[in-house]
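# Fold and contact review
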Amino acid sequence: ETGVTQTPRHLVMGMTNKKSLKCEQHLGHNAMYWYKQSAKKPLELMFVYNFKEQTENNSVPSRFSPECPNSSHLFLHLHTLQPEDSALYLCASSQGSGQGIYGYTFGSGTRLTVV
Amino acid sequence: DAKTTQPNSMESNEEEPVHLPCNHSTISGTDYIHWYRQLPSQGPEYVIHGLTSNVNNRMASLAIAEDRKSSTLILHRATLRDAAVYYCILRDLGRDDKIIFGKGTRLHILP
């Protein structure tokens, strides 16, 4: 248990489904992040939230829709995904974006399979 | 952004020390050197970070070259549980930089 909890751990969804990934942290951190890790590729940063405000979107397709209702919770809403979106989706938190001295705490990820 | 270069993979025997190198020849004066590792089927975890001086914690040691253009992560006594991908990352002290992961070094531990 790292302090960042992601649910579900595994998800299989059809291309026409709508699902959501959830991330929760109670570390008192103010920044939260979504990363995508495809097979045999480096982690890719998708979104950054700082004090609930989105501060970065790395050209992510609109079929991925993030939501950050408060500093402790982060969601990734999924709809009409493609098979190539199958990957490990990782959530992370830190004390604050722009604070290069602070580390990130990652969750264990959601393994998503799109069929 | 300053970049790092790491070997793609390394092997080590169990219960022996492991030295994981990282080159960062374009490092700036305010860049911290961070190391993370990712165990199989898990998210990355923080290992250690430093600026100029060598650093030790319960997981590892970080040796930083005097010119700061390279560093070495040292696992003093590797176990099978240390088999992971190790990432060396530079992070500026105050800029709004995010952690961007490279390919890292895949460490294999031989029993």
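Everything quoted here is computed from the prediction, not taken from an experiment.

About the criteria used
Residues numbered from 1 in each chain as written. Chains lettered and ligands numbered in written order. Predicted model: local features only at pLDDT ≥ 70, side-chain atom pairs only at ≥ 80, totals over all residues. Heavy atoms only, no water. Helix = DSSP H or I, 4+ residues; strand = E, 2+ residues; numbered from the N terminus. Rg over C-alpha atoms; globule rule 2.2 N^0.38 Å. Buried < 20%, exposed > 50% of the residue type's maximum accessible area, 1.4 Å probe, protein only. Contact = heavy atoms within 4.5 Å. Lys, Arg positive; Asp, Glu negative; His and termini not counted. Charge placed at Lys NZ, Arg CZ, Asp CG, Glu CD. Disulfide = S-S within 2.5 Å. Pairing = 2+ DSSP bridges. Axes fitted to C-alpha atoms, helices over the stretch in contact; angles between N-to-C directions. Core = buried A, V, L, I, M, F, W, Y, C linked by side-chain atoms within 4.5 Å. Salt bridge = Lys/Arg side-chain N within 4 Å of Asp/Glu carboxyl O. Polar contact = N/O pair within 3.5 Å; in protein donor to acceptor, adjacent residues only side chain to side chain. Nonpolar A, V, L, I, M, F, W, Y, C, P; charged D, E, K, R; others polar.

## Let's talk about the overall build of chain A
For chain A, the count of helices and strands is 0 helices and 11 strands. Listed by position from the N terminus, the elements making up chain A come as β-β-β-β-β-β-β-β-β-β-β. Rg of the C-alpha trace for chain A: 13 Å, near the compact-globule value of 13 Å for 115 residues, within the 12% margin. For chain A, the spread of C-alpha atoms along the principal axes amounts to about 40 × 25 × 25 Å. Counting every position in chain A, which comprises 115 residues, the buried fraction comes to 48%. If you take every contact in chain A between residues at least 6 apart in sequence, the share linking residues at least 24 apart comes to 55%. With 10 positive and 8 negative side-chain charges, chain A shows a spacing of 7 Å between the two charge centroids.

## Regarding the state of the cysteines
Each disulfide is one covalent bond, formed between the sulfur atoms of two cysteines. Residue and element names in this part refer to chain A. Evaluated as defined, the whole model comprises 2 disulfides over all chains. One disulfide bridge connects cysteine 23 with cysteine 91, the sulfur atoms lying 1.9 Å from each other. With the S-S dihedral at roughly -75 degrees, the linkage between cysteine 23 and cysteine 91 falls on the left-handed side. With a gap of 68 residues between them, cysteine 23 in strand β3 (residues 18-25) and cysteine 91 in strand β9 (residues 87-94) connect regions that are remote in the sequence. A relative accessible area of 0% places cysteine 23 in the buried class. Note on cysteine 91: relative accessible area 0%, which makes it buried. Considering cysteine sulfurs only, cysteine 91 is the nearest to cysteine 68, which forms no disulfide, with 9.0 Å between them. Overall, cysteine 68 belongs to the buried group, its relative accessible area being 11%.

## So, the sheet that holds strand β4 (residues 45-50) of chain B
Residues and elements named next belong to chain B. Ordered by their spatial adjacency, 5 strands build an open sheet running β1-β9-β8-β3-β4, and the pairing between neighbours is mixed. Only two strands of the sheet have a single neighbouring strand rather than two, namely β1 (9-13) and β4. When strand polarity is set aside, the average angle formed by the axes of neighbouring strands in this sheet is 25 degrees. By the bridge criterion, 3 bridges tie strand β8 (residues 84-92) to strand β9 (residues 105-110) in an arrangement that is antiparallel. Opposite valine 85, over in β9, you have arginine 106 as the bridge partner.

## Let's talk about the nonpolar core
Of all hydrophobic cores here, the largest spans 22 residues; its most connected members are Trp34(A), Phe64(A), Leu76(A) and Leu78(A). Counting residues per element, the ones that place at least two in this core are β2 (10-13), β3, β4 (31-37), β5 (44-50), β7 (64-70), β8 (73-79), β9 and β11 (110-114) of chain A. Counting 21 residues, the second largest nonpolar core, distinct from the first, contains Cys22(B), Ile27(B), Leu62(B) and Leu75(B).

## Digging into the interface of chain B and chain A
Of the residues lining the interface, 24 residues belong to chain B; the matching set on chain A comes to 22 residues. There are 0 salt bridges connecting chain B and chain A. One can count 4 residue pairs in polar contact (both at pLDDT 80 or more) joining chain B with chain A. For the side of chain B that touches chain A, the secondary-structure elements that each account for two or more residues are β3 (31-38), β4 and β8 of chain B. Sorting elements by how many residues they give to the side of chain B that touches chain A places β3(B) first, with 4 residues. Of the residues that constitute the side of chain B that touches chain A, the class distribution is 9 nonpolar, 8 polar and 7 charged.

## So, the sheet that holds strand β5 (residues 55-56) of chain B
Taken in spatial order, the 4 strands of this open sheet run β2-β7-β6-β5 (chain B), and their pairing is antiparallel. Single-partner strands in this sheet number two, and they are β2 (18-23) and β5 of chain B.

## Description of the pairing of β8(B)
All names here are of chain B. Extensive coverage of β8 is indicated by the burial of 9 of its 9 residues. Neither face of β8 is exposed, since Ala84, Tyr86, Cys88, Leu90 and Asp92 on one face and Val85, Tyr87, Ile89 and Arg91 on the opposite face are all buried. Both β3 and β8 contribute to a ladder of 8 bridges, which runs antiparallel. Of the residues in β8, the one forming a bridge with isoleucine 33 is leucine 90.

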